[in-house]
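Okay, here's what each chain looks like letter by letter:
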Amino acid sequence: MTDSKAVPTPSDKKTEKRTSLPTFYRQVVAELRKVVWPTQQQLTTYFIVVLVFVLVMMAITAGLDLGFGKLMFWVFGGRDA
C-alpha cells in the first residue's frame, strides 16, 4: 500500500549544507545591528522594576515560609516559635 502522504524514510531527506563560520559571524553581526537597544533611562527603569518585583516576591515567600513554619509547630505540638 503506497501513499504519497506516507512518512518519509531517512533516505528521502535532503541533506542541508552547514553554514561556514565567517558566514555565521556576518549573519550574527547583521542581526545585532537590527536590535533596538534601550536608552540609559529605559535601562534604569527596567532595572528598578525588576528589583522591586524580586523584593516583593522574596517578601511573599519569606512570609509564607514563616507562616507555614509556625502552623506546623502549632499543629504538631512543637515548641512555640
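Residues numbered from 1 in each chain as written. Predicted model: local features only at pLDDT ≥ 70, side-chain atom pairs only at ≥ 80, totals over all residues. Heavy atoms only, no water.

1. Considering the overall build of the protein
Here is the rule we go by: A run of H or I in DSSP becomes a helix once it reaches four residues, and a run of E becomes a strand once it reaches two; helices and strands are each numbered from the N terminus. Accessibility throughout is a Shrake-Rupley quantity obtained with a 1.4 Å probe, and a residue counts as covered only by protein chains that appear here.
On a plain count of helices and strands, the protein comes out with two helices and zero strands. Of the roughly 8500 Å² that the protein leaves accessible, carbon and sulfur atoms contribute 67%.

2. So, the pattern of salt bridges
Which entries qualify depends on this criterion: Between Lys or Arg on one side and Asp or Glu on the other, a salt bridge is scored when a side-chain nitrogen of the former is within 4 Å of a carboxyl oxygen of the latter. Only protein chains enter the accessibility calculation, which uses a 1.4 Å probe; a residue is then buried when its area is under 20% of its type maximum, exposed when over 50%, and partly exposed in between.
Counted according to the given criterion, the structure contains one salt bridge. Among the salt bridges present, the one from Glu31 reaches Lys34, with a minimum N-O distance of 3.1 Å. Here the residue Glu31 and the residue Lys34 both occupy positions in helix 1 (residues 21-34), the gap between them amounting to three residues, near one helical turn. On the accessibility criterion, Glu31 (47% relative accessible area) is partly exposed.

3. Some words on the UniProt feature "transmembrane region" (unreviewed entry) in the protein
Put simply, the rule reads: UniProt positions are given in the numbering used here, feature names are shortened, and annotations may be inferred rather than shown by experiment.
As recorded in UniProt, the feature "transmembrane region" (unreviewed entry) lies at residues 43-64. The span residues 43-64 is 100% helical and 0% strand by assignment, and the distance between its end C-alpha atoms comes to 32 Å.

4. Observations regarding helix 2 (residues 40-75)
Applied cut-off: Helix span is expected to be 1.5 Å times the residue number reduced by one.
Spanning 36 residues, helix 2 covers 52 Å between terminal C-alpha atoms, matching the ideal 52 Å at 1.5 Å per step. At the exit of helix 2 stands Gly77, carrying a positive phi of roughly 70 degrees.

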